[in-house]
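Per-entry structural report
Now for the letters of each chain:
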Amino acid sequence: MITELGHFALILAFLVACIQATVPLIGAHMRWPGWMAVAEPAANAQFLLTGFSFAALTHAFVTSDFSLRLVVLNSHSLKPMLYKISGVWGNHEGSMLLWVLILSLFGASAAWFGGALPPTLKARVLAVQSAIGVAFYAFILFTSNPFLRMAVPPFDGEDLNPLLQDPGLAFHPPFLYLGYVGLSMAFSFAVAALIEGRVDAAWGRWVRPWTLAAWIFLTIGIGLGSWWAYYELGWGGFWFWDPVENASFMPWLLAVALLHSSIVVEKRESLKSWTILLAIMAFGFSLIGTFIVRSGVITSVHAFANDPERGVFILAILAVFMGGALMLYAARASAMEAKGAFSMVSRESALVVNNLLLAVAAFVVFVGTIWPLVAELAFDRKLSVGAPFFNMAFTPFMVMLGLVLPVGAMLPWKRASLSRTFKVLMPAFVLALALACLAWAIQSGRSMLGPVGLFLGSWLIFGSAIDLWSRTGRSRQIGRLMRLPRADWGKSVAHAGLGITMLGISGLMAWEAEDIRVVQIGEPFEIAGYTLILDKVENVQGPNYFSTMATVRLSKDGKPISTLHPEKRNYPVAKMPTTEAAIDGGFLRDIYVVIGDPQDDGGWAVRSYFKPLANWIWGGAILMALGGSLSLSDRRYRVAAGARKTRAAGVPAE
Amino acid sequence: MKRLILALCLIAAPVLAVQPDEILDDPVLESRAREISKELRCLVCRNENIDDSNAELARDLRLLVRERLTAGDSDVEVVNYIVDRYGEYVLLNPTARGANWVLWAAGPIMLITGLGLGFIYLRRRQATPEQKIEELSDVEKARLAEIMDD
C-alpha cells in the first residue's frame, strides 16, 4: 500500500512539475502576479510529494519488502540497516529518484530563500528548474520505475554489490548528486536571466551562493568517492580517470570556473555572457555525466546498443536543455553589455586566466573521456584512453593554474602591478622553492614530480597565508584578521586546501613504496623502515559475509605502533569476494596492508605499502569544502537573501 | 624461467594483482615490468591496468611481459609484441597515430585559441572607458539604508 502511495505521489509530483514549468513562465511574461505566484506553492508541493515517494521506497528497503522488484535485486534481509538504506540509491532506479528529490529540494529552497528576488526572475527560475524536473520525472516513470512489483515474491533478495556496502560509499552518491543537481540552480538562473534579458551585479550575487553550495557538495562527494577507492579497492589508488569519475570531475572544474567568474559579474559587472555560458555548460556536463553513468555507453557501445531506451531518453533531455539554452544564449547574449573597464594586469584578467585554464582542463578531460567512443564510431578503431593519457595531458594545466593562482588572488581590481604583488609574495616563493630543492636533494634521482608538487603545494599554502597577512594592514594588527569578511577567509582556506591536495597527490605518487612477498606466520619483514609481523590468520564470520582476517603487528625501531587486521571477505549471496585493506593512518604517512592468498608452503601473500602524505589529499578536499562554507556563510549573502527575516526574528546579524 | 612456465600452468582461485611468485629476481627487470604493466589495459576489466587487476587474463599478460623482458626484449618491443596480439585497445596511453592527433592536440589548441580570444577581450576592455554606474533609485536607497541598519 505504501509503495503504491509512493508511486502515486511521484506521478502527482510529475503533474505539479508540469504546471510549475508553464504557468509561472506565462505569468512572468504577461506580468500576471497571480500566475507567477503559483511557482512557490508548486515548488513546495513538488518537494513534499517527491519526498514522500522517496520515503515510501526507503520504507520498502528498510522492511525488506521483497514483493518490490528493486528491493529483490538490491537488498537482502541480513544486510546491516545502514546498507539497507543506502541500497535505496545503490541502483539505477533509486538513484534517479534521489536525483529528482534533490532537484525538487533545490527548487523548493529557491522558493524559501529567494525572498529578495524580483518576482519575475523568481517565477522564471522556478519554472526552468521545474522544466528539468518534468524531463526527469518522465524519465523515471516511463523508463526506470522503482515501484514495480514482482508477480511471485522470492523469500530473500539478491543483495547489494558488496563493494558498495561501505560507509564511505553509502554517503558518496547523495553528496555527489547534491553537487550535480545543485548546478541546475545556476542553469535555471542563467536561463531565467536570458529570458529576462538582464544580468547585473545582483544576479551575480544571487547565483553565487547556489553555485558555491553545489560545488561544496560536489567536492565532498568526489572526496568521499576517492577515499573509498583508496581503502576499498585493495591497492590504494585514489583516482583512476574512469569515465564515471571524469563525469563528476568535469562539472567540478566548470563549477570552480563559474564560482570565480561570477565574482567578476558581482563586483565588476563584466564577463557576463561568459558566466552565463559557463552556468549552462556546468549543468550540461552534469547531464552528460548522468548520461555517461546511466546509459553505460562508455563502458561498452554494445551494451548501449542492446538497451538504448534509457540512454536515448537522457540524450534527448540533454539535447533539449543544452540546445534550447544555447540557442537562447546565441539570441540574447549580445544584450549583456559589460560595464567595468580594466587593464591587462588586474584581478579581472587573472580571473579570466583562471577560467581559461579550468575550462581547457575540463575540455581535455571531456575529449579523453569520449575519445574511445568517437574513435570507434568514426574511425572504426577500438582503443583505450586511460590514466597515463590524463596524467600527461591534464596535469600541465593544473601546474599552470597553481603557478598563477597566488599572484592572481592578490592582484588588485581594475589596475595592478605584477612586480608589486610579486614582491609581497616573494617570501612564499622563496620558501616554496627552498622546500622543493631540499626534497630534490634528498630524493636524488627520482622523478621530478615530488619536488614540483611540493613547490606548487607550498607556494599555494604560503601564498594564501601571505594574502591573509597582508590584510592586517600596515599596523599588523592580528585583530583585524578576525574582522575580515568570511568570504576572504573562505578564499584563503580553499586555496590552501588546493595546495594541500596537490602536495598529497604528488607526494603519494612520487614517494610511495611497495612490497609484495610471501610471509610466514611470525616472520618479520620491513617496508620503508617499518617492521611488520604477521601474527595469525583466522576465519571470522560477519553479518552477511565470511572473512579471512589476518593480524599484523606494525612497529618501528622496536617500538610497537599498532595492530592491523587486513581481511579478505566473501559475500555468499552476491558471490563476490572483496579485499579490506588495513591502514595505519598517520599525519605524514599511511601504512597500507593487504592480505592475499595462502601459499603452498604455508605462508601468505602479503602486499604492503608505504603511502606518504596520503591523508593530505582528502584533508585538502575538506579544507576546500570548508573554505566554500565560510564563503557561503558570509554576511553579504545573508544580507542579500534574507535581511528582513533576521530582523523579524530579533537576532543580531553577526 | 621454469618458475614462470610453472606459474602459467597453475590456475589459482581469485588472485590479487601482482603475486609474489610473479616477481622477477632481477630488480631492474622487475621495475621495468611494473612500468610497462601500468600502461597496459586488462582487457576483461573496466579501465584497469594489468598491474592492479585481479583477473586471470591480467596475470597471464603480466607473466607474458616478464617472459619477453627476460628473453631480452626492450620496453618498446614488449609493448609492440602485446599490441600485435591484442590490438590497440590494450594501450591505456593511446598513440598519436592517425586521427589520435586530435586527442593529443585538443588541450593545447584550445589553450592557444582561448589565450587569443582572452587577449582580444582584455584589449577591448582596456580600451572602453568606464561606464557610469547607474544611480540607485529612491526605493533602492531606502532598502540599502534598511540593510545597513541591521
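Residues numbered from 1 in each chain as written. Chains lettered and ligands numbered in written order. Predicted model: local features only at pLDDT ≥ 70, side-chain atom pairs only at ≥ 80, totals over all residues.

Which entries qualify depends on this criterion: UniProt positions are given in the numbering used here, feature names are shortened, and annotations may be inferred rather than shown by experiment.
Per an unreviewed UniProt entry, chain B is named Cytochrome c-type biogenesis protein, and its organism is Thalassovita gelatinovora. Under the Function (unreviewed entry) heading, UniProt states for chain B: "Possible subunit of a heme lyase." In the Sequence similarities (unreviewed entry) part of its UniProt record, chain B is described as follows: "Belongs to the CcmH/CycL/Ccl2/NrfF family."

Going by an unreviewed UniProt entry, chain A carries the name Cytochrome c-type biogenesis protein CcmF and comes from Thalassovita gelatinovora. As stated in UniProt under Subcellular location (unreviewed entry), the record for chain A gives "Cell inner membrane". The Sequence similarities (unreviewed entry) comment attached to chain A in UniProt states, word for word, "Belongs to the CcmF/CycK/Ccl1/NrfE/CcsA family."

1. A word on the overall build of chain B
Basically, it comes down to this: Helix and strand definitions here come from DSSP, where helices need a minimum of 4 consecutive H or I residues and strands a minimum of 2 consecutive E residues; each element is numbered from the N-terminal end. Exposure in this text rests on C-beta crowding, where 20 or more other C-beta atoms within 10 Å of a residue's own make it buried, 12 or fewer make it exposed, and counts in between make it partly exposed. The C-beta atoms are placed from the backbone. Remark: residues whose backbone-derived C-beta atoms lie within 7 Å of one another are considered to be in contact.
Along the backbone of chain B there are six helices and zero strands. When its helices and strands are written in sequence order, chain B yields α-α-α-α-α-α. Put simply, chain B has 150 residues, and 23% of those count as buried. Long-range contacts, defined here as pairs at least 24 residues apart, represent 51% of the contacts in chain B between residues at least 6 apart.

2. Remarks on the overall build of chain A
Quick note on the threshold: Here the globule rule reads 2.2 Å times residues to the power 0.38, and the radius of gyration is calculated from C-alpha atoms.
A count of helical and extended segments in chain A gives 21 helices and 10 strands. Relative to the 2.2 N^0.38 estimate, which gives 26 Å for 654 residues, the radius of gyration of chain A is 27 Å and therefore close to what a compact globule would have. If you line up chain A on its principal axes, its C-alpha atoms span 85 × 75 × 65 Å. Across the 654 residues of chain A, 53% fall into the buried class. Considering only contacts within chain A whose residues lie at least 6 apart along the sequence, 74% involve residues at least 24 apart.

3. Digging into the sheet that holds strand β8 (residues 582-585) of chain A
All names here are of chain A. Just so we agree on the cut-off: For two strands to count as paired, DSSP must find a minimum of two bridges between them. All axes are obtained by fitting lines to C-alpha atoms, using only the stretch in contact for helices, and the reported angles, taken between N-to-C directions, cover 0 to 180 degrees.
Pairing is antiparallel in the open sheet, where four strands are placed in the order β1-β10-β9-β8. At either margin of the open sheet sits one strand with a lone partner, and together these are β1 (513-519) and β8. Ignoring which end each strand starts from, the neighbouring axes of this sheet average 15° apart. Where β8 meets strand β9 (residues 589-598), four bridges bridge the pair, whose relative direction is antiparallel. If you follow aspartate 584 over to β9, its bridge partner there is isoleucine 591.

4. Here we look at the domain arrangement of chain A
One frequent convention defines the size of an interface as the accessible area lost when the parts assemble. Residues and elements named next belong to chain A. Put simply, the rule reads: Residue ranges for the domains trace back to a domain assignment, done automatically or taken from a database. Note on residue classes: Ala, Val, Leu, Ile, Met, Phe, Trp, Tyr, Cys and Pro are nonpolar, Asp, Glu, Lys and Arg are charged, and everything else, Gly too, is polar.
Parsing chain A into structural domains produces domain 1 (1-160) and domain 2 (513-615). A C-alpha centroid distance of 44 Å is found between domain 1 and domain 2. Facing six residues of domain 1, the contacting portion of domain 2 comprises five residues. Residue composition of the side of domain 1 that touches domain 2, by class: two nonpolar, one polar and three charged.

5. Remarks on the environment of threonine 472 of chain A
Locating threonine 472 of chain A in the fold gives a position in the loop between α17 (449-470) and α18 (479-483). In contact with threonine 472 of chain A, not counting residues within four places along its chain, are Gln477, Ile478, Arg480 and Leu481 of chain A.

6. Quick word on the UniProt feature "transmembrane region" (unreviewed entry) in chain B
The positions UniProt marks with the feature "transmembrane region" (unreviewed entry) are residues 101-122 of chain B. Helix makes up 100% of residues 101-122 of chain B and strand makes up 0%, while its end C-alpha atoms are separated by 31 Å.

7. As for the nonpolar core
To keep things clear, this is the line we draw: Take the buried Ala, Val, Leu, Ile, Met, Phe, Trp, Tyr and Cys residues, join any whose C-beta atoms are within 7 Å, and the set you get is a nonpolar core.
The biggest cluster of nonpolar side chains holds 206 residues, and the ones touching the most others in it are Ala186, Phe189, Leu254, Ala255, Ala279 and Ala282 of chain A. Alanine 186 of chain A has contacts with Val207, Trp210, Thr211, Leu258, Ala279, Ala282 and Phe283 of chain A, leaving out every residue within four places of it along the chain.

8. A closer look at the interface of chain B and chain A
Each partner contributes to the interface: chain B provides 43 residues, whereas chain A provides 50 residues. Of the residues forming the side of chain B that touches chain A, the biggest block, 12 residues, is contributed by helix α5 (residues 100-127) of chain B. Partitioned by chemical class, the residues of the side of chain B that touches chain A number 23 nonpolar, 12 polar and eight charged.

9. Re the pairing of strand β10 (residues 604-612) of chain A
Residues and elements named next belong to chain A. β10 sits mainly inside the fold: eight of its nine residues count as buried. Sheet analysis places β1 next to β10, joined by seven bridges and oriented antiparallel. If you follow arginine 517 over to β10, its bridge partner there is valine 606. Hairpin remark: β9 followed by β10, antiparallel, with five residues in the connecting loop; positive phi at glycine 602, about 90°.

10. Section: the packing of helix α8 (residues 167-196) of chain A against helix α10 (residues 243-268) of chain A
Residues and elements named next belong to chain A. Here is the rule we go by: Here the word oblique covers every angle except those under 35 degrees (roughly parallel), over 145 (roughly antiparallel) and from 65 to 115 (roughly perpendicular). The crossing is said to be left-handed when, going from far helix to near helix, the turn is anticlockwise and less than a right angle, and right-handed when the turn is clockwise.
Viewed as axis vectors pointing N to C, α8 and α10 meet at an angle of 45°, and their least axial separation amounts to 11 Å. One way to sum up the angle between α8 and α10 is to call them oblique. Note that α8 runs across α10; the crossing there is left-handed. Taken together, the residues of α10 that come into contact with α8 (itself represented by Leu176, Tyr180, Leu183 and Ala186) are Ser248, Pro251, Ala255 and Leu258.

11. What about the packing of helix α16 (residues 418-443) of chain A against α17 of chain A?
Residue and element names in this part refer to chain A. The geometry of α16 relative to α17 is characterised by a closest axis approach of 8 Å and an angle of 155° between their N-to-C directions. Considered as vectors, α16 and α17 are oriented roughly antiparallel to each other. By crossing handedness, the relation of α16 to α17 is classed as right-handed. By residue class, the composition of the contact of α16 with α17 is 18 nonpolar, five polar and no charged.

12. Here we look at the environment of valine 367 of chain A
Looking at the element boundaries, valine 367 of chain A is found in helix α14 (residues 347-379). As a C-alpha pair, valine 367 of chain A and valine 385 of chain A span 18 residues in sequence and 9.8 Å in three-dimensional space. Non-local contacts of valine 367 of chain A, meaning those with residues more than four positions away in its chain, are made with Leu103 and Ala106 of chain B.

13. Some thoughts on α10 of chain A
Residue and element names in this part refer to chain A. What counts is decided by this rule: Multiplying 1.5 Å by the helix residue count minus one yields the expected span of that helix.
The end-to-end C-alpha distance of α10 is 37 Å, a good match for the 38 Å that 26 residues give at a rise of 1.5 Å each. Most of α10 is tucked away, with 24 of its 26 residues classed as buried. Downstream of α10 by a residue or two, glutamate 269 has a phi angle that is positive, lying close to 55°.

14. Examining helix α3 (residues 56-70) of chain B
All names here are of chain B. Its 15 residues give α3 an end-to-end C-alpha distance of 21 Å, which sits within 8% of 21 Å, the value for a rise of 1.5 Å per residue. Within α3, burial applies to Ala58, Arg59, Leu61, Arg62, Val65, Arg66, Arg68 and Leu69. One or two residues past the end of α3 sits glycine 72, with phi positive at roughly 100°.

15. Section: unusual backbone geometry
Residue and element names in this part refer to chain A. Backbone geometry places aspartate 380, a non-glycine residue, at a positive phi of 55°. Mapped onto the secondary structure, aspartate 380 falls in the loop between α14 and α15 (387-410). The phi dihedral of aspartate 557 falls on the positive side, at around 50°, and the residue is not glycine. Positionally, aspartate 557 belongs in the loop between β4 (546-556) and β5 (559-564). The exposure class assigned to aspartate 557 is exposed, which follows from the 7 C-beta atoms found within 10 Å.

16. Comments concerning the environment of tryptophan 252 of chain A
Residue and element names in this part refer to chain A. Among the secondary structure elements, tryptophan 252 is positioned in helix α10. Between the alpha carbons of tryptophan 252 and leucine 183 there is a distance of 9.6 Å; along the sequence they are 69 residues apart. Excluding residues that lie within four positions of it along the chain, tryptophan 252 makes contacts with Leu218, Thr219 and Ile222.

17. Focus on the confidence of the model for chain A
It should be kept in mind that the predicted coordinates are not to be read in detail where pLDDT is low. Keep this limit in mind: As a per-residue quantity, pLDDT reports the predictor's confidence and falls between 0 and 100.
Summary statistics for chain A give a mean pLDDT of 88 and a share of 96% for residues scoring 70 or more. Note that residues 641-654 of chain A has pLDDT below 50 and, in this model, 14 contacts with residues that lie over four places away or in other chains.

18. Some details on the confidence of the model for chain B
Residue and element names in this part refer to chain B. On average, chain B scores 80 in pLDDT, and the residues at 70 or more come to 83%. The secondary-structure element of chain B with the lowest mean pLDDT is helix α1 (residues 2-9), recorded at 38, while helix α4 (residues 75-86) shows the highest, at 91. Counting contacts from residues 1-15, a segment whose pLDDT is below 50, to residues more than four positions away or on other chains yields 15 contacts.

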